[in-house]
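Topology and contacts: notes
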Amino acid sequence: ADRQMMAARLKRCVVRRRDGPEQHGVAASCLRELRDKACGVLAIDKAREPITLVLAEDGTIVDDEDYFLCLPSNTKFVALAKDEKWSSKILDSGTSWLSESVDEVDSAAEKWKQLARQLKDDLSNIILMSEEDLQVLIDVPRSDLAEELAQSETKIQVLQDTLQQVLDRREEERQSRQLLELYLEALKTEDSILSKVAEPEAAPRKEMDVVDTGTRSTDTRATTALRDQVLAALKEKPAPELCLDSQDLELVLKEDTAALASALGWDKQKAGALQKACDQELSKRLKQVQTLHSLRSTSKGKKTLPWGDWPSSKRKK
């Protein structure tokens, strides 16, 4: 019984070196245990420790225990020894599998299967998915998804209805935030008009007031590691934190505020507000996952959430 309980807590992971061709399967119950086992199977010299574990897909540094627990089974990690850095541009024979995995995800047919496998491992992964991922699973034919998840079409209908509810709730949150921003902007405009009426006519500005200090050219040199797709979502979406998955939210939070503001063409205050919103959304999702894990651990004799317990509702057109 103790062995079964210990096995239930273990998470299957795949580890490799940055420039090595071999991959190793490792089972660990926590992040520290994964680091120790990775050092052992990859034969990393003690002098080059401590190692840093990053996601092989995009280089996200995994140093938070709760975030590690939210990752699906068979997640691929790259172990970086001291002074090593992850790079997506390394495409030699030892790391060509990185680009191959990205190409596989880019395929629409393979993407929904990968997302379905995440749900099969843990239904709480719904909370961590982006709106695009949710829509992909909603659009999958019911029979195909039922075959992939080894469930009946009736239960798959309940699952897709639940996905639609999550998607609709995020859309409502976006619309509410957009209305609030419009209201605040209207108040700001009204205050500006009243202040101009009350103030006397301003004196002509001196030429020295418009001297270019050269700070703009310096700011534009700031670089960011975010993908163009993420930057486009941040710039164009009214509530971008709802459109991104949790890994992208993590990357936005790790960005320097000045570099992010320069990349988006915003001021530093607006970029800081965006990072704060992303932080709140990520924290909310992680809390929801932790709540589900807590409910699951207290349920007697149940290792996963019962598919039939998801609320059923008619999908909105």
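Use the structure listed above.
For every chain, the first residue of its written sequence is number 1, and the numbers climb from 1 along that sequence. Totals for whole chains, interfaces and linings use every residue, but because this is a predicted model, local features are given only for residues with pLDDT of at least 70 and side-chain atom pairs only at 80 or more, for both listing and counting. To obtain the side-chain values, all non-hydrogen atoms of the structure were included, while hydrogens and water were left out.

Let's talk about the environment of L80
Structurally, L80 is set in strand 4 (residues 75-80). The buried label goes to any residue with under 20% of its type's maximum accessible area, the exposed label to any with over 50%, and the partly exposed label to all in between, with areas taken from a 1.4 Å probe on protein chains only. What makes L80 buried here is its relative accessible area of 4%. Note: C-alpha distance between L80 and R48 (32 residues apart in sequence) is 9.2 Å. Contacts are residue-level and defined by heavy atoms, with any inter-residue pair within 4.5 Å sufficient. Discounting residues that sit within four places of it in the chain, L80 has contacts with R18, I51, T52, V54, K85 and W86. Here a strand is any run of E in DSSP of at least two residues, a helix any run of H or I of at least four, and the numbering for each starts at the N terminus.

Focus on a negative patch on the surface
Patches in this entry comprise residues that are over 30% relatively accessible and not in a salt bridge; like charges within 9 Å are linked, as are nonpolar side chains (Val, Leu, Ile, Met, Phe, Trp, Tyr) within 5 Å. Per-residue and other accessible areas were derived by the Shrake-Rupley procedure at a 1.4 Å probe size, with only the shown protein chains allowed to occlude residues. Should a side-chain nitrogen of Lys or Arg be within 4 Å of a carboxyl oxygen of Asp or Glu, the pair is scored as a salt bridge. Charged residues are defined here as Lys and Arg on the positive side and Asp and Glu on the negative side; His and the ends of the chain fall outside this count. Think of each charge as sitting on NZ of Lys, CZ of Arg, CG of Asp or CD of Glu. A surface patch of negative charge is lined by D63, D64, E65 and D66. Looking at the element boundaries, D66 is found in helix 3 (residues 65-70).

What to know about helix 2 (residues 31-41)
Each turn of an α-helix holds 3.6 residues, which means side chains three or four residues apart point in the same direction. Three or more residues of helix 2 are buried, namely L31, L34, A38 and C39. Along helix 2, the residues classed as buried sweep out an arc of 135° about the axis, all on the same side. Exposed residues on helix 2 whose side chains face more than 90 degrees from its buried face are R32, D36 and G40. Contact partners of the buried residues in helix 2: strand 1 (11-17), strand 2 (24-28), strand 3 (52-55), helix 3 and strand 4. The first or second residue beyond helix 2 is A43, which carries a positive phi of 55°. The arc in question is the one traced by the directions running from the helix axis out to the C-beta atoms.

Some thoughts on the sheet that holds strand 1
Strands pair, by our definition, only if DSSP identifies at least two bridges between them. Here four strands make up an open sheet; going across it, the order is 2-1-4-3 and the pairing mixed. A single partner strand is all that each edge strand has here, and the edge strands are strand 2 and strand 3. The sheet shows a mean angle of 40° between the axes of neighbouring strands, direction not considered. Both strand 1 and strand 2 contribute to a ladder of five bridges, which runs antiparallel. By the bridge assignment for strand 2, R12 is matched with A27. Axis definition: a line fitted to C-alpha atoms, over the contacting stretch in the case of helices. Angles run 0 to 180 degrees between N-to-C directions.

Remarks on unusual backbone geometry
The backbone phi angle of A43 is positive, close to 55°, even though this residue is not glycine. Note on placement: A43 falls in the loop between helix 2 and strand 3. When its relative accessible area of 65% is taken as the criterion, A43 is described as exposed. Although it is not a glycine, N74 sits at a positive phi angle of roughly 65°.

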